[in-house]
Structures are given as structure tokens and as C-alpha cells.
Amino acid sequence: MATKHMVIDPITRIEGHMRIEAIVEETTGEVQDVYCSSTMFRGIETILKGRDPRDCGLMAMRICGVCTVTHYQRSIEAVENAFNLTLPTNARLIRNIIQGTLFMHDHLVHYYHLHSLDWVDIISALDADPQKAATEAAKWAQVAGETPWASDTQTFADMKDRLQKFVAKGRLGIFGSGYWGNRSYKLTPEQNLVAITHYFQALDIQRDLGQMMAIFGGKDPHPQSLVVGGITSIVDAKDPQKRQLFKELALRVRSFIKGAYMPDMYMLSAMYGEEMKAGAGAGLKSFLVYGGFPLNDGPIYNATMLFPGGIVKNGDLTNVIDFDPALVTEDVTHAWYGAPAPEHPYEGTTTPQYTDFKERINGVAYLDTDNKYSWIKAPLYDDTRVEVGPLARMIVGYARGDARIKGYVDNFLTRAGITVNDLYSSVGRTVGRALESELMADILTDWVDELGTNIDAGDVTSWTQFDFATASQNAQGYGIEEAPRGSLGHWVRIENGKVANYQAVVPSTWNAGPRDHKGRLGAYEAALKGLKLSNINEPLEILRAVHSFDPCIACAVHVIDTKGKRLAEYKINPVCAV
Amino acid sequence: MPNDLSAKKLFFGKVTGVEKKDDAFWKKLYKQSEERISSLEKEVPFYQEEPVKVLEEDGYTRRDFMKWVSATTAMLMLPGFFEPLVARTIQVLNRVPVIWINLQDCAGNSEALLRADGPTVDELILDIITLEFHELLMTASGEHAERQLEDAMTTFKGEYLLFVEGSIPTAANGIYGTIGTSGETYVDHLKRLAADAKAVVAVGTCATFGGVPAAAPNPTGATGVMSLVQNKPVVNIPACPANPANMLGVILLYAMTGELPELDGLLRPKFAFGQRIHDACERRVHFDAGEYVEEWGDAAAQAGHCLYKMGCKGPMTFNNCPTVKYNRGTSWPVAAGHGCIGCSEPGFFDKFDRFEAPTPYNPSYNPASDFQIAAGLGLATAASALANSTPTQEEDHGN
């Protein structure tokens, strides 16, 4: 059986730099083996060492311009945890509001601008009948039980007209060299027109979300209103007009999520139902959630979380294991770092150990997949490879019987006529992200109301005082919560007022890691293996599966850290039972 | 507050502003721009769609458009009589092909571009400029993406603006960043793409001055575009991330005049980086009155007073944040109650000892490294050839 060694580099429509190599069987198109590699390295953790812990958030945030405020907040929480600080109500709420807005922004941009073109054929939309497209849009909104965002013929006719002119010019710009016409695109021309119309409308909606972030964050990306102990944007929080503006924008976004994004998910689940049933892109089926969004005051890790933490293994919903940060380790067998020396966990640093490509043939470089082949490490939870992300949060919440999460998931399953098992697929991962957006859209305005009520009752506290000199003599702590793409943790050790050690284990490290010391595949690799390509010259199915994770490689590879990596060494706070 | 904060140390750096020009200068530029726009108007557009029509379809009125034109003309520090030219330029903006590459980056500038909005017309940036290659947004991956890039480079040889996001790792022969099926290093990738570009625009503090990855101890030998690209005009638009209004401003000025904007000694457009943040700050009045926030959340913080004592780097940072702001002009860091962290300055991670305390310099930071950053300025000569500006070493770092 002849095989083809596909090299896909760059993987586009992701954050950061990634290469995938796949061994594809030529006649069946089956992906027999696959390797995911990150090809960029910065070393931000090394840079953080020796700095003032209060400055870390502003630096760690720059790990990623997409999950920007998540890194900012996690870093600050790690220092707060080390100093045993609890937040004022206003600070907790504003952080939740900014973070929740980020989730929605991230999910919306991910689905429409970074992912949808794996399912939607722009060129096919040129054959659409705008009137039928309007009917189609109304139909799927009805399935969702919502009012369609747009269902007038003119909207779709205008879009088609614009597309036609765009295509006629002969230069497709960012849509150029796409896989248009590939037979694994399954939407009808009308459905494609509806989806591409939403693509352009979402460009506008995501700017609303950027503005919402800026209202309490100062700017977006890279907001600047969080500090160790609280928040700084109290002037904005006190302003009823600002809160009102936020709510108006949030309601518009909510209408789009309910009237366009969700209907598109029902359409996708129906048209790609076969792929869902077959579990295409399912991968590991083991999920990890640290937990995130504290819903009440007090020590953060004692709070009730919007997304409860836990582990579900092998798709077994009957058994949710409590998350224990002590069981997180990282493996560098196949990553470009020196081997760990477990006996001295925090002494010395791992030097990057780049071993180059294995060979270059006819101008194509090939990874040394038997040895080291990525700048991303392979994290393990209790010696298990796991997936993190919105689907993980939905699955763990569902298995925990969390009423809110279960409500959104069950509603979708019933209306779409599918089972929870169908969610173990690329489409399911995409649906999980949408469900989370819907949930967030509903709760966000409640938080703004809660903030208003608290402030109107006279509480304008925005910061918890602390004595830095005493607190920072010898302390360590962690900030472990959720980012749009999954579980994200920062660990910090502080000595004599300076950062002695810093490390971060982030969503795309979990998902995009290479093989581990036992040769087990990472979450991306597991999801890609076994896929069938309809055209072995076009990696469409591979992109579909890998994009369904929302890769953020900029996050995943920022690491130079200490040897050993037994994060358990940081267990300093016995109250934490995330 | 440390005692050694002399005013001299704080207010280092000269305000370059945009020098007052005489009527003859503006008349000449007007004529030149008019000729340039007319010639572009005669060209077959890459896009058949006329941008103003796109705007109308999206619900913008002529009045919205003219309002934007007026604001943009002011932001670019052009006299009011340039407004009709700015309006016409929007119509021909799509004749300027843009290739955008991501190197050692966090995608923050791409995200900022996506959220571009300040003036409403920016919202249509995807319609209006000819974005030929952008890894974050483009459909094709792998060899198909490479083909798209080759095609754009050939078709628009010598014409495209190369936007670069992210620093470039130079240590260990560049192995900390490779791209493409051939596994080309970022250093080679940048040089190859720059060779056929009209000009290179470094976007964000990483691409301009090395930014985050270049912070001490700079594990990957990260550096900015201008220390690698020779014999090609370079424009720097620093800040973390760069303000999308400034990105669009550079494209617009280029489309209108056929030249790069007037640059300062660090190759930054003067229209955006000619003024200290401090000088246009909305809280400046509190600085003058001696009303300072002394602690996060205190009464002064509640009242929106000056953040100087909380480490605001506004007095040492050149950028137009206070006037242009972010996200539809909604806010900016100082308005959100946090001091400026000087994110558009060279070496901003190392230059200031603390972000949240009023220390002007990290004692271990060598200000001379700013000059070193600007030192590869053989390239400034190339810039001046195109920009008709004379870059000088205007920064005086308080020596």
C-alpha cells in the first residue's frame, strides 16, 4: 500500500505557528499516522524570573494576544494565591465580566473566521438563490427556537452580489487557494450563503465584544485594568452609563449568538451528522477541566464555579474524578528540551535542545518523529493524556449534573436529535464552544446587574490592601482556571520580593503536545489519526479536526522552565479543591 | 517615592511633533497626492466593488463617511483642505496590496487589526485593502498557502507593503522559528519577502524593537525588523498591540502620497508618535494640580486622579493613545485607572524597573541600547529616500 507523507506548514487560521505531518494511505485517503509540531519558541518564563511579581501579569499577558486577559488574570491570581488575598466583590465581578466577554469574542471569531471555512464553501454560495437562503436561515433559527438574526431576501441577495464581484475580480485575497469544491463540503449553496453572510456579520459583532472589553479593561487586546489585589477601572464601574452601554452591546451580541451562531450549529449538526455519528475527529475522549468563573466571594478556590472542575476518562460520564493539581506533570521525550531530572525539581533550567528536522528532501523538511519534534511539551494528568476546552467543560459539567450546563446541552441534543456521544467529534467540539457562548451570553448581563446593585448599595471597594514586603519574602501560589481554549494555569514562586520561578501549563500545551514517553498521542494527534481524506492533495479534513480545537500555539510554546516539572511541589494551599 | 526623580530624568526624549510646514510644502504635497490618486483611479481595481458603495450597503451614510474623513485627516495631522483627497484615497486604497506575516508573535496585532474600528470606515478593512496573505485569516494552509504567497509576491513584485508582526529569533542560526514546508527560518523568510516589497511596516513592539521575546535575558536572540532588513524602507508602528488606526493611517498616507509618512529617529510615523502621552492625557489636569492616586482603590483612584505615583510611564512614552484611544474610541489604559506601561517604547520590559511604581529607569538597563536598536540606521537612509524626511537622532535619553 503506497502512502503519502503530507507536510502541512503553515497551518493557517490559528494563533501561532504549527506544522502537521501526516502519513496518508493513497487509495483510501486514511490518515495512518500524524505528528503535530510547534515551530516557534520565545522563552517568556525565563524572562519573568527575577522580576517583581506585581509586574508579571502585564508581562505574562503577552504570552498570547488572543487569550490575553486570561493569562493576565491567571498570573495575578497566582500572586494573590501566594499572598493569600481575597478579592472585593466588585473586582471579582469585573474580572468575570471581562473574562466572559473574552470567551464570547474568542468563540465567535474562532468559529466564523478561523474555522467555518472548513465546513462552508464560499464559491458554492455563488449558486445560491437568495430567497431560498432566507427561508433556510429562518428554518434553522426555528429549529433553535430563536428569532433569526437575518432572514430577509435582500440581505442574502446583497451578500451574493458582493461575493460575485469579489470572485469576478480574479483575486480572492485571503480566500485564495482554498479547497473550494472539495467533495467533503456538504452544505447546499443556500446554506453556504447563509453561513458566509454570518461570517461577515460576525466581523462586526466581534467589534462590539472588543468594545465591551475596553469599557472595563481600557483596551482590547491586552487590557490593562487588573492589579494584584483587585481592579483599577472603578471609575468606569461606577458609571451607570458605561454599564448600560455594556449591556446594550451585550444584548446585541446575544441576539447574534442566539439567532445566527446557534442556528448555524444545528445546520452543521444536521448536514455533517454522518461525521458526528462516526466520531470523526473524536480523539482521546478523556477530558480535563480545572474549573473557572467564581460565582461567590471569598477564597477563589473555595467558590462555586460556573464551570466545575473535574476529569472524565474515556467518555465515561458516570465517573467524574476530582481535579488534583498535584497530578499534573509534563513530559519532554519528544519535545525540544533537555530531559528532566526529577531529583531537583526547581534547581537549574532546562536548556532548549533543538535537534532540527530529520532530513530535507527536494526542498521539503521532515520532522524527526522518532525523537524530538516540537517546541510543545506533552502534559499528563495522572499519567493520562487528556483534552481540554469548551467541549471538556460541557462534558465535565454534564457528567457532574451541573443544572445550568446540563440545561444548555440537553436543549441542544433534543432539538438536534442527537445524543451526547455524538459530541465526541470535530462537529461536537464546535458545538460545545457555541453552547458555552450561549451560556455566557445569558449570564453576562446578570453579572453587570449584580455589579450595579453592589455599587448602588454603596460598596465601591476595588482593591484589597496587603503588605508586599512581608508577603513576598517567601511565597508560592497558582492561578488555575479556564481560558476560552481550556484549562490554563500559572504557577509562581516568590523569594525576597522577586520571582524565583514561573511556569504556565496552558490549553494548547494540553491539546497540541507531541507523543509522550510511552508513545501515546496528544489530543490533536489522536483526533487526526484515522481521518479519511476525500482528496489526498487537500488536507481539508485534517484542518477541520485540528481547527475544532481552536489551536493557540503562541500560548503553548512560551516555556523554558525548571527541571522535573512536578507541579505538585506547589501544593501550598490546602483549601484548594478545584 | 524615590528621591532621585529629577524632572530631567523623567521627561527624557524630545517631542518631535510634526513640524510646522509652510504653504508651499502643503501645496506641493497636495498636487503630488492629487496626481497619485488620479493615476490610481485609472488603474483597474483589484476589487470591482467601490469601497464607498460597500459602506453604504453596510448602513453607513455619507455623513458618517465624511465625519470619519475629517477625523482621520486630523489624526494624520494634515491640514483640513486635504479632506477631499483623503475621501478619494479611500476609493483607491484597494490598489495597495498588503502581505502580512506573523513571526515570533502572539497574534495581538492581528487581533487588533480584526477589531479595527476607531473611525467607522476601518471596520471594513477586509473589504477595503487588498489583503493578499494573512496567516490568521486566510483559508489555505500548507503548500496551498505557500502558493498563495508566491502568487502575491510575483503579481505585486515591488509593489506590496509587507506588514510584519512579531520579532525575529536570531540565536542559534534562527532555529527558534521556522515556517513553511521547507522549514525556512524566520530570518530567511523575512529577508526573502522584504526583498520584493515596496516597504516593510513593522507592527507592534515585537516587530519594531524586539518587544517581549527580546526582554532580558532574551533567550532566543530576538530582534526587530529594522536590524535585519537592509536597503528597504522600514516604518515602525510600535505599541503592544499597535493601534489599528495607526496601521490604517500608514496605508492611507502611502496610497495618497505614494510615500511613507514622515518618520522620527526610531522610524516611527510622526503623526502618531510625535507627542508624549503625558501631554495629551485626560488626567493631566490632576498632575498639574498635584492630585495623585497613592494606592489602588483609594479616594483619588475613585475620583480618577493622576496615576504618576502609581508608575504611569506617560511622561516617557510617545504615542497617540490619549487622543485616538481604542475600540471605537471607548477607552485607553489611563482612563481605565491603570498607568501607562510604556508599551510602545524600545526595551519597555527592561527600561522601567517597575510598571506600577514611579521609577524612571531600571538601573541595570543601558539606555544606549535604544540607540543600538536605532543604530542599524543605514536603513534610515533608504527610508528617507522614500519618505523625504531626514531622520535624526532626536531621542535624548536624559543623559
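Calculation rules
- Residues numbered from 1 in each chain as written.
- Chains lettered and ligands numbered in written order.
- Predicted model: local features only at pLDDT ≥ 70, side-chain atom pairs only at ≥ 80, totals over all residues.
- Helix = DSSP H or I, 4+ residues; strand = E, 2+ residues; numbered from the N terminus.
- Buried ≥ 20, exposed ≤ 12 C-beta atoms within 10 Å, placed from the backbone.
- Contact = placed C-beta atoms within 7 Å.
- pLDDT = per-residue confidence, 0-100.
- Expected span 1.5 Å × (residues − 1).
- Bend = angle between axes of the 7 residues up to and from the residue.
- Pairing = 2+ DSSP bridges.
- Axes fitted to C-alpha atoms, helices over the stretch in contact; angles between N-to-C directions.
- Nonpolar A, V, L, I, M, F, W, Y, C, P; charged D, E, K, R; others polar.
- Core = buried A, V, L, I, M, F, W, Y, C linked by C-beta atoms within 7 Å.
- Parallel < 35°, antiparallel > 145°, perpendicular 65-115°, else oblique.
- Left-handed = near helix turned anticlockwise from the far one by under 90°.

**Looking at the overall build of chain B**
Secondary structure assignment for chain B yields 19 helices and nine strands. Here chain B holds 399 residues, and the buried ones make up 60% of them. Contacts in chain B between residues at least 24 apart in sequence constitute 75% of all its contacts with a sequence separation of at least 6.

**A short note on the confidence of the model for chain B**
Interpretation of the predicted coordinates at a detailed level should be avoided for regions scoring low in pLDDT. Residues and elements named next belong to chain B. Mean pLDDT for chain B: 82, with 78% of residues reaching 70 or above. Scored below 50 in pLDDT, residues 1–12 shows 17 contacts in the model against residues more than four places distant or in partner chains. Low pLDDT, under 50, characterises residues 374–399; the stretch is placed with 61 contacts to residues that sit more than four places away or in other chains. For this predicted complex, the interface confidence comes out at an ipTM of 0.90, alongside a pTM of 0.91.

**A closer look at helix α7 (residues 189–217) of chain A**
Residue and element names in this part refer to chain A. Between its first and last C-alpha atoms α7 spans 41 Å; for 29 residues at 1.5 Å apiece the expected length is 42 Å, and the two agree. Most pronounced at alanine 202, the bend in α7 amounts to some 30°. With its phi angle positive at about 90°, glycine 218 sits one or two positions after the end of α7.

**Here's the deal with the sheet that holds strand β1 (residues 97–102) of chain B**
Residue and element names in this part refer to chain B. Taken in spatial order, the five strands line up as β2-β1-β3-β7-β9 in an open sheet, and their pairing is parallel. Single-partner strands in this sheet number two, and they are β2 (130–134) and β9 (234–237). Along the sheet, successive strands turn relative to each other by an average axial angle of 20°, direction set aside. Inspection of the sheet shows β1 paired to strand β3 (residues 161–165) by five bridges, in the parallel sense. Following the sheet pairing, asparagine 102 is matched in β3 by glutamate 165. Set on the sheet, helix α8 (residues 142–155) makes contact with β1 and β2; between it and β2 the angle comes to about 140°. Sitting on the sheet, helix α11 (residues 244–257) touches β3, β7 (199–203) and β9, and the angle it makes with β9 is about 150°.

**So, the interface of chain A and chain B**
With 83 residues of chain A at the contact, the number on the chain B side is 74 residues. Broken down by element, the side of chain A that touches chain B gets its largest block of residues, 10 residues, from α7(A). Here the residues of the side of chain A that touches chain B are counted per class, giving 37 nonpolar, 28 polar and 18 charged.

**Section: the nonpolar core**
Ranked by internal contacts, the top residues of the largest apolar core, which has 304 residues, are B:Leu162, B:Val164, B:Val200 and B:Val201. When residues no more than four places from it in sequence are discounted, the contact partners of B:Val200 are B:Leu162, B:Val164, B:Ala194, B:Val225, B:Val229, B:Lys232 and B:Val234.

**Remarks on the sheet that holds strand β17 (residues 498–505) of chain A**
All names here are of chain A. Taken in spatial order, the three strands of this open sheet run β15-β16-β17, and their pairing is antiparallel. Bordering the open sheet on either side are β15 (474–483) and β17, each of which pairs with just one other strand. Sheet twist, expressed as the mean angle between neighbouring strand axes with direction ignored, is 15°. Bridge analysis of strand β16 (residues 486–495) against β17 gives seven bridges, and the strand direction is antiparallel. Looking at β17, one finds that histidine 490 is bridged to alanine 504. Packing of helix α3 (residues 68–82) onto the sheet brings it into contact with β15 and β16, and relative to β15 it is tilted by some 145°.

**Description of the confidence of the model for chain A**
Residue and element names in this part refer to chain A. Taken residue by residue, chain A gives an average pLDDT of 90. The fraction at 70 or more is 93%. Contacts for the low-pLDDT stretch residues 341–349, under 50 throughout, to residues beyond four places or in other chains number 19 contacts. A low-confidence stretch, residues 558–578 stays under pLDDT 50, and its non-local contacts, those more than four residues away or across chains, total 68 contacts.

**Observations concerning the packing of helix α5 (residues 130–144) of chain A against helix α6 (residues 153–168) of chain A**
Residues and elements named next belong to chain A. Put simply, α5 and α6 touch, their axes get as near as 8 Å, and they point 125° apart. Between α5 and α6, the crossing angle belongs to the class labelled oblique. Judged by the twist between their axes, the crossing of α5 over α6 is right-handed. Residues Pro130, Gln131, Ala133 and Ala134 of α5 form the contact with α6, whose own contacting residues are Thr153, Phe156, Ala157 and Lys160. A breakdown of the residues in the contact of α5 with α6 according to their chemical character gives five nonpolar, two polar and one charged.

**Here we look at the packing of helix α2 (residues 23–42) of chain B against helix α5 (residues 83–92) of chain B**
For any two helices packed against each other, the geometry comes down to the angle between their axes and how far apart the axes lie. Residue and element names in this part refer to chain B. Closest axis-to-axis distance for the α2/α5 pair is 10 Å, and the angle between their directions is 30°. Classified by the angle their axes make, α2 and α5 are roughly parallel. In this structure, α2 meets α5 at a crossing whose hand is left-handed. Contacts between α2 and α5 involve Tyr30, Ser33, Glu34, Ile37, Leu40 and Glu41 from the first element and Leu85, Arg88, Thr89 and Val92 from the second. Grouping the amino acids of the contact of α2 with α5 by side-chain chemistry returns five nonpolar, two polar and three charged.

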